[in-house]
Amino acid sequence: MVPVIARVTGRTRELSDVVTFEMEVEGWPGFAPGQFNMLSVFGVGEIPISISGPVSDTTRIIHTIRDVGPVSHALAALSPGAVLGLRGPYGAPWPVQAARGRDVVVIAGGLGLAPVRPILYELMENRDAYGKVTLLYGARSPAEILFEKELGDWRSRLDMGVEVTVDRATNAWHGHVGVVTALLRGADFTPANTTAFVCGPEIMMRFGADGLTDLGVAATDIHLSMERNMQCGIGLCGHCQLGPVFVCKDGPVFDWATMKPLMRIKEL
C-alpha cells in the first residue's frame, strides 16, 4: 500500500486534454497488458491509470492520462524531472498469450485505445504467433483521434487490418463516420477462432460484445476492461465493487460471459 517514488522522464502532448508520460522506478518488476498502477500526486490524491506502453520495454513505465479531475489535472501538469507516487502493477491482465494461434479483434473507443495499446505491441512484436489481426477504433471527431501516427503506421502494415471511424466528421475527413461497432460488419476474422479485446465507454463495450456474439464469437472469448471508482487497488475498500466482483482485484479485465448479466442491471 506504500507508494514508491517514480520520476517523470518524458512527456508527450497527445491531444488538448491527453498527455502520455514516460517514467522510471527503481526495481520496476514489469507488467502484463491490461494492468494498471495507482499514481499519486503528493498533497492532491491518487487515481488508477492503465499502463499504455509495451511489455517488452522494462526500462520505462508509460501512462496516458486525460485531464478530467483534480488528480489527473495535477498529473497532466507534471514535467520531466518531477516525482510522483506509484503503487502497482495491479489487476487481472488481458489474456493475450491465450490468443496465440487465433484471430484477434481489438475494439477501442476514445481513450480506450491506451489500455489496449500493450496488446497491439505484443501482436506486432510476435506477429507470426497470431492469426488475422483487426483493430477497430472510434473517436468523437478527427481532432480527438488518439495515437494518430501509430494508427497510420499500423494501417500501413500488410499483416493487420485497421479501421478508424468518428462520430462527427469535418470537411477534411474522408474516413468512416458512425459508431465503431458498425465496423464489425466489414472486419475479416473467423468468429469460431477469434479472441476479442474491447475497451472504451461502457455502452460501446456492450454493443461491441453483443455484435461479436451475434457474429458467432463465444462470450468467453470476448474480454472487456471495466472502469470503476478504484481507490485502494487491492479489493479492500469496496468502492469498485460490481455485484459479486471487485474491479480492481478480480479485473479490470473480465470476459463477456461474466460481465453481460452485471452490465444489464441499471444499478448494483
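The text that follows walks through the structure, step by step, so that each part is easy to find. This structure is a prediction, so every number in the text was calculated from the model and none was measured. (Residues numbered from 1 in each chain as written. Predicted model: local features only at pLDDT ≥ 70, side-chain atom pairs only at ≥ 80, totals over all residues. Heavy atoms only, no water.)

### Some remarks on the pairing of strand S11 (residues 194-199)
Next, step 1: In terms of residue burial, S11 counts as a mostly covered element, since six of its six residues are buried.
Next, step 2: Across six bridges, strand S7 (residues 103-109) lies against S11 in parallel orientation. Opposite Val106, over in S11, you have Phe197 as the bridge partner.
Next, step 3: Here three bridges tie S11 to strand S12 (residues 222-225), and the two strands are oriented parallel to one another. Each bridged residue has a counterpart across the sheet, and for Ala196 the counterpart in S12 is Ile222.
Next, step 4: Read from S11 through helix H4 (residues 202-215) to S12, the crossover connection turns out right-handed. (Buried < 20%, exposed > 50% of the residue type's maximum accessible area, 1.4 Å probe, protein only. Helix = DSSP H or I, 4+ residues; strand = E, 2+ residues; numbered from the N terminus. Pairing = 2+ DSSP bridges. Right-handed = clockwise from strand over helix to strand, strands pointing away.)

### So, the sheet that holds strand S4 (residues 45-50)
Working definition: the strands of a sheet are paired by backbone hydrogen bonds and lie parallel or antiparallel to each other.
Next, step 1: With respect to topology, six strands assemble into an open sheet ordered S4-S3-S6-S1-S2-S5, the strand pairing being antiparallel. Unpaired on one side and paired on the other, S4 and strand S5 (61-66) mark the two borders of the sheet. Along the sheet, successive strands turn relative to each other by an average axial angle of 40 degrees, direction set aside.
Next, step 2: With four bridges connecting them, strand S3 (residues 36-41) and strand S6 (residues 83-90) associate as antiparallel partners. Residue pairing across strands places Met38 opposite Arg87, the latter belonging to S6. (Axes fitted to C-alpha atoms, helices over the stretch in contact; angles between N-to-C directions.)

### Regarding the packing of H4 against helix H6 (residues 256-263)
Two quantities define a packed helix pair, namely the angle between the helix axes and the distance between the axes.
Next, step 1: Following both chains from N to C, one finds H4 and H6 inclined at 125 degrees, their axes separated by 11 Å at the closest point. Considered as vectors, H4 and H6 are oriented oblique to each other. For the pair H4 and H6, the sense of crossing is left-handed. Counting all contacts with H4, which are made through Glu202, Arg206, Ala209, Asp210 and Thr213, the residues of H6 involved are Trp256, Lys260 and Met263.
Next, step 2: Class assignment of the residues belonging to the contact of H4 with H6 gives a composition of three nonpolar, one polar and four charged. (Parallel < 35°, antiparallel > 145°, perpendicular 65-115°, else oblique. Left-handed = near helix turned anticlockwise from the far one by under 90°. Contact = heavy atoms within 4.5 Å. Nonpolar A, V, L, I, M, F, W, Y, C, P; charged D, E, K, R; others polar.)

### Here's the deal with the packing of aromatic side chains
Next, step 1: Applying the stated criterion to the full structure yields three aromatic pairs.
Next, step 2: For the pair Trp94 and Phe197, a centre-to-centre distance of 5.5 Å together with 80 degrees between the ring planes defines the contact as edge-to-face. Taken together, the residues span a long stretch of sequence, with Trp94 in the loop between S6 and S7 and Phe197 in strand S11 at a distance of 103 residues. Summarising the burial analysis for this pair, Trp94 and Phe197 share the class buried.
Next, step 3: Judged by centre distance (6.3 Å) and plane angle (75 degrees), the rings of Tyr121 and Trp154 are edge-to-face. Taken as a pair, Tyr121 in helix H2 (residues 113-125) and Trp154 in helix H3 (residues 148-156) lie far apart in primary sequence, 33 residues in all. Comparing Tyr121 with Trp154, the two get one shared label, buried.
Next, step 4: Here Arg117 stacks its cationic end above the ring of Phe147, 3.9 Å away from the centre of that ring. (Phe/Tyr/Trp six-rings, centres within 6.5 Å; stacked < 30°, edge-to-face > 60°. Lys NZ or Arg CZ within 6 Å of the ring centre and 35° of its normal.)

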